[in-house]
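# Secondary and tertiary structure notes
These are the residues of each chain, in order.
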Amino acid sequence: MLPLLKSLAQIYKSGGKSTIDYLEVSGLKLPQGGIFNIQLQTLAPEDIRTLDELFDIALDLTDQQQAEVQIVISAPQPDCKLVERLRS
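Please read these numbers as outputs of a predicted model, since none were measured by experiment. (Residues numbered from 1 in each chain as written. Predicted model: local features only at pLDDT ≥ 70, side-chain atom pairs only at ≥ 80, totals over all residues. Heavy atoms only, no water.)

## Regarding the confidence of the model for the chain
The following threshold applies: Confidence of the predictor at the level of single residues is captured by pLDDT, which takes values from 0 to 100. Helical segments are the DSSP runs of H or I of at least four residues, strand segments are the runs of E of at least two, and each set is numbered from the N terminus.
The pLDDT averaged across the chain works out to 94; a share of 100% of its residues lies at or above 70. When pLDDT is averaged over each element of the chain, strand β1 (residues 20–29) comes out on top at 97 and helix α1 (residues 2–5) at the bottom at 86.

## Structural notes on the sheet that holds strand β3 (residues 68–72)
To keep it simple, the criterion reads: Two strands pair under a simple rule: DSSP has to find at least two bridges between them. Here an axis means a line fitted to C-alpha atoms, over the contact stretch when the element is a helix, while the angle between two N-to-C directions is reported on a 0 to 180 degree scale.
Taking strand neighbours across the sheet as the criterion, the three strands line up as β2-β1-β3 in an open arrangement whose pairing is antiparallel. A single partner strand is all that each edge strand has here, and the edge strands are β2 (35–43) and β3. Between one strand axis and the next, the sheet turns through 5° on average, direction left out of account. Inspection of the sheet shows β1 paired to β2 by seven bridges, in the antiparallel sense. From the neighbouring strand, K29 faces β2, where its bridge partner is I35.

## What about the pattern of salt bridges?
To keep it simple, the criterion reads: Here a salt bridge means any side-chain nitrogen of Lys or Arg lying within 4 Å of a carboxyl oxygen belonging to Asp or Glu. Summary of the burial criterion: residues with accessible area below 20% of their type's maximum are buried, those above 50% are exposed, and those between are partly exposed, where the area comes from a 1.4 Å probe applied to protein chains only.
Under the counting rule described, the total for this entry stands at three salt bridges. K13 is the partner of D52 in a salt bridge, and the nearest nitrogen-oxygen pair spans 3.0 Å. Note that D52 is positioned in the loop between α3 (45–50) and α4 (54–61) and K13 in helix α2 (residues 8–13), a separation of 39 residues in sequence. Exposure remark for K13: the relative accessible area of 44% places this residue in the partly exposed category.

## Re the environment of K13
Basically, it comes down to this: Contacts are assigned to residue pairs that have any heavy atoms within 4.5 Å of one another. Any N or O atom pair separated by 3.5 Å or less is treated as a polar contact, with the protein-specific requirement of one donor-capable and one acceptor-capable atom, and with residues adjacent in sequence counted only for side-chain atom pairs.
Along the chain, K13 and L51 lie 38 residues apart, while their C-alpha atoms are 11 Å from each other. Here K13 is in contact with R49 and D52, once residues within four sequence places are set aside. Here D52 takes part through its side chain, which lies 3.0 Å from a polar atom of the side chain of K13.

## Some remarks on α4
To keep it simple, the criterion reads: The reported arc concerns the directions from the helix axis to the C-beta atoms and nothing else.
Within the span of α4, buried status applies to F55, A58 and L59. In a view along the axis of α4, the buried residues occupy a sector of 90°, so they form one face of it. Set apart from the buried face of α4 by more than 90 degrees, the exposed residues are D60 and L61. Where the residues of α4 are buried, they touch α1, α2, β1 and β2.

See the structure below:
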C-alpha cells in the first residue's frame, strides 16, 4: 500500500469511488529522527482528490523503512480503481 500513497489522489481522479473509512500511515521518519504519523477518517472521494500533494510531500521528506499503513474500506464500490489496485 505504501507505494500507492503517492498516487492515491491520481487514482481517485481517474476512477476512485470508495470512501476510505480509516487510513493511517505511521512510522515515517524525519531526517533528524522525528516520527511523522498521518491518521485520516471518513474520506470521501472528493476529500482524497483534495489531498493531492499531502502524501507526495510526506513521503519525499521521510524514510519509510519502518512505516506501516492501515486502510479500511468497509463499502468498496464497483469499479473503484483503488480497490482494483489493492486486490491485484
